[in-house]
Structures are given as C-alpha cells and as structure tokens.
Amino acid sequence: MSKHEVQCIWEAGAQLGEGPSWVAEQNRLYFVDLKNQTLHALDAGSGQRHSWAMPDYICWLIARRDGDGFMAGLRDGIARVWLEPELRIEYLARPFPAGSALRMNDAKADSAGRIWAGSMHNTDYAQAIGQLFRLDTDLSLTVADQDYHICNGPAFSLDGATMYHTDSFEGRTYAYPLAADGTLGEPRLWRQFGDGEGSPDGMTVDSEGCVWIAQWGGARVCRYSADGELLDTIHVPARNPASCTFGGADLKTLYITTAREDNTAEQLKEFPLTGALFAVRLDVAGVPAARFGR
C-alpha cells in the first residue's frame, strides 16, 4: 500500500488529460486535454500556467533534441509545432484517409530519437483497427504493428531493448523486443489486467527499470517490476488516471493526468477532482524523457 501523498496541483477539468511531458531546461510540465483541443503547461517553480487552443485534437507533445519546437500528435497525423512567439503547426505525416474515423492517441520517443505513436477508432473502441507507427529521424513513417483497439504507452526498458505497449480495450500490456534499428520482435503478453484493477493506460519507466502504469477506471497508478510483479499502488482521487511521467529537478515527482470522460454524474460527485493534474513525491527517480531527432 502506498504511503505517498497525492496532491492536486491544477484543477484543469480535462475531458481527456493525456501526454504529460517534462522539459527540464524550462522547468515545465506539458500535458494535453485531447478532446478539448488544448495544450497546457505548468511552470514548476512559479506555478504559472499556460494554455494554447489547438485547431483540432492534440494527443501528445514530444520535445525535439535540437530544441526547435516540438513534435505533436494531432487528430489526423503528426506535426511539428512551435508555441512561441505564436502557435505554428507544420504537418509532417497524415497517415489516415480523408474523413477517416481513426485518430492518433498516445506516443513516446525512444533513446534513438524515434517516435512510436499509436492510433485508434475515435468512437468505436471495439474495432481493432488501430496501428502502431514508427516515425524515424529522417521523417519516414512505418506501420510497426496493427490490429489494436486502443493503443497506449509506450515505454522503454533502460537498456532500450524492450518496448512496453498496451491495448487498453483488452486490458493487456505487451513487451516487444526492440532492435537497435527499430525493428520490433514478436510481442509477449507482459501483463493481463483483471476486473477491479482498471484498464492500463499511459505509462513510464523509473531509474530502477520498473514500469508505472495509470489505470483508467481504477483510480490508481501502479508500479510493476520488469517482470510484471505489482510493487506499489498510488491511489488517485480521480476515477480515470490516464497517464503519468516523472519531472522536477530531481525527477522524483510523478505527475498524473486524469480524465472526466467516461464518468457518470454520480462518479464525478464521488471524485470531484476528476480531470485535474496531480503530483506525488517518490523515493525513486524517473529518467529524462527521450526526445525526437538525431
């Protein structure tokens, strides 16, 4: 049982709070409200808040190694985004046909600077038509896997040889062998989540190689060993934790995004902070988030 104190640091009221990303040189946490088409940022030192209205769903934001803007997942593809001096968006890939019901969902960069991004049907989650894309540093886009319902994650082992990736609809997290050239091996079922646990959603890895997974519907974030053994549970005062990442100067603050969608009026009354951004201090540190580019 976790003894950690979870604090609400921003009552953002997010419809679908996702994609938390820590940018150390800015001392800033970015996260998205996907369906409210808003990008948020919180300055950890001053507590100052920033928000940018986007022209469509924004699903994730990943910093670039060259520091020149960001990479972002929008509803229909992957774009380069600049926030200052004003918002500017330049699409790099649009993998879905015009009018498609597909959308981007979750993504992370690996240690080689590639982006792994999943897609899903926007409304009918029972359709296993989601794909997992790999965007290489030369901007080539490859379908790395397919037949997913809801792509979530991914996260990577400390040695970069394993990618963890989830189909939230099926409650399954897989472990893929990941070669240096970005080739995926045959996945194995790493963990099947059962009734009462919540559905596995966004995830991150700490400096000891353990995997932290936000559990949608379970009001918790859990820590697992590299073998999938449950090590710790952090109870979150929101029914739908959606994702998590480490930040702070020592990378010992776990930031947790949550979502108001898929809650009844009674559930929102039980969890009035649903949709907020939370933080909890931990004894273990995370690892710096990988960035896109060479």
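Residues numbered from 1 in each chain as written. Predicted model: local features only at pLDDT ≥ 70, side-chain atom pairs only at ≥ 80, totals over all residues. Heavy atoms only, no water.

S.K.: Just give me the short version of the overall build of the chain, but keep the residues and values in it.
M.R.: Helix and strand counts for the chain stand at one helix and 24 strands. For 294 residues, the compact-globule estimate of 2.2 N^0.38 gives 19 Å, and the chain sits close to it at 17 Å. With respect to the three principal axes, the spread of C-alpha positions in the chain is 45 × 45 × 40 Å. The buried share among the 294 residues of the chain stands at 59%. For the chain, contacts bridging at least 24 residues in sequence account for 46% of all contacts bridging at least 6. Taken as a whole, the chain presents about 12100 Å² of accessible surface, with 46% of it coming from carbon and sulfur. In the chain, 26 positive and 39 negative side-chain charges are present, and the distance between their average locations comes to 3 Å. (Helix = DSSP H or I, 4+ residues; strand = E, 2+ residues; numbered from the N terminus. Rg over C-alpha atoms; globule rule 2.2 N^0.38 Å. Buried < 20%, exposed > 50% of the residue type's maximum accessible area, 1.4 Å probe, protein only. Contact = heavy atoms within 4.5 Å. Areas by Shrake-Rupley, 256 points an atom, 1.4 Å probe, with all protein chains shown as cover. Lys, Arg positive; Asp, Glu negative; His and termini not counted. Charge placed at Lys NZ, Arg CZ, Asp CG, Glu CD.)

S.K.: An account of the sheet that holds strand β15 (residues 162-167) is requested, with residue identities and associated values reported.
M.R.: The strand order across the open sheet formed by four strands is β14-β15-β16-β17, and the pairing between neighbours is antiparallel. Across the chains shown, the open sheet's two edge strands, defined by having one partner strand only, are β14 (151-156) and β17 (188-192). Each strand axis lies, on average, 25 degrees off the axis of its neighbour in the sheet, ignoring direction. (Pairing = 2+ DSSP bridges. Axes fitted to C-alpha atoms, helices over the stretch in contact; angles between N-to-C directions.)

S.K.: Describe in detail the UniProt feature "binding site: a divalent metal cation" (unreviewed entry) in the chain, supporting the description with residues and values.
M.R.: UniProt records the feature "binding site: a divalent metal cation" (unreviewed entry) at E18, N152 and D201, using the numbering of this structure. A compact arrangement is adopted by the annotated residues: their sequence extent is 184 residues, whereas the largest C-alpha distance between any two is 10.4 Å. With respect to the helices and strands, the residue E18 is situated in strand β2 (residues 17-23). The class for E18 is buried, based on a relative accessible area of 3%. Along the chain, the position of N152 falls in strand β14. Look past the residues within four positions of N152 in its chain and what remains in contact with it is E18, N105, D106, H165, T166, S168, D201, G202 and M203. There is a polar contact of 3.2 Å between the side chain of N152 and the side chain of N105. (UniProt positions renumbered as here; feature names shortened; annotations may be inferred. Polar contact = N/O pair within 3.5 Å; in protein donor to acceptor, adjacent residues only side chain to side chain.)

S.K.: Account for the packing of aromatic side chains, with residues named and values stated.
M.R.: Counted according to the given criterion, the structure contains 10 aromatic pairs. Judged by centre distance (6.0 Å) and plane angle (80 degrees), the ring pair of W190 and Y224 falls under edge-to-face. Placement of W190 in strand β17 and of Y224 in strand β20 (residues 220-224) is noted, with a sequence separation of 34 residues between them. For the pair W190 and Y224, one class covers both residues: buried. In this structure, R94 is placed above the aromatic ring of Y91, and the distance from its NZ or CZ to the ring centre is 3.5 Å. (Phe/Tyr/Trp six-rings, centres within 6.5 Å; stacked < 30°, edge-to-face > 60°. Lys NZ or Arg CZ within 6 Å of the ring centre and 35° of its normal.)

S.K.: Any chance you could break down the UniProt feature "active site" (unreviewed entry) in the chain for me, citing the residues and the numbers?
M.R.: Those residues carrying the UniProt feature "active site" (unreviewed entry) are D201 in this numbering. Inspection of the secondary structure puts D201 in strand β18 (residues 199-205). The buried category is assigned to D201, whose relative accessible area is 5%. Among all residues touching D201, those that are not within four sequence positions of it are E18, N152, G153, S168, I213, A214, W216, P241 and A242.

S.K.: Go over the sheet that holds strand β21 (residues 230-235), please, and point to the residues and values.
M.R.: Spatially, β18-β19-β20-β21 is the arrangement adopted by the four strands of the open sheet, whose pairing is antiparallel. The outermost strands of the open sheet, each flanked by one partner alone, are β18 and β21. Sheet twist, expressed as the mean angle between neighbouring strand axes with direction ignored, is 25 degrees. Across five bridges, β20 lies against β21 in antiparallel orientation.

S.K.: Outline the pattern of salt bridges, supporting the account with residue identities and numerical values.
M.R.: In total, this model carries 16 salt bridges according to the counting rule given. Here R28 and D43 are joined by a salt bridge, their closest N and O atoms 2.7 Å apart. You can see R28 sitting in strand β3 (residues 28-33) and its partner D43 sitting in strand β4 (residues 38-43), a full 15 residues away along the chain. In this pair, the class of R28 matches that of D43, namely buried. Among the ionic pairs, D250 bridges to R281, the shortest N-O distance being 2.7 Å. A residue pair is termed long-range when its members are at least 10 positions apart, and D250 in the loop between β22 (241-247) and β23 (253-258) and R281 in strand β24 (residues 277-281) qualify at 31 residues. On the accessibility criterion, R281 (46% relative accessible area) is partly exposed. (Salt bridge = Lys/Arg side-chain N within 4 Å of Asp/Glu carboxyl O.)

S.K.: Tell me what's going on with the pairing of strand β10 (residues 102-109), and back it up with residues and numbers.
M.R.: Taken across its eight residues, β10 has eight buried, putting it largely inside the fold. Adjacent in sequence and paired antiparallel, β10 and strand β11 (residues 115-121) are bridged by five residues, among which G113 carries a positive phi angle near 90 degrees.

S.K.: Would you mind going over the nonpolar core in detail, with residue names and values included?
M.R.: Core analysis: the largest hydrophobic core is formed by 21 residues, its most contacted members being W60, M71, I78, M104, I115 and A117. Elements with a minimum of two residues in this core: β6 (58-63), β10, β11 and β12 (130-135). In terms of residue count, β10 provides more of this core than any other element does, four residues in total. I115 has contacts with W60, I62, M71, A107, K108, A109, F133, R134, L135 and F292, leaving out every residue within four places of it along the chain. (Core = buried A, V, L, I, M, F, W, Y, C linked by side-chain atoms within 4.5 Å.)

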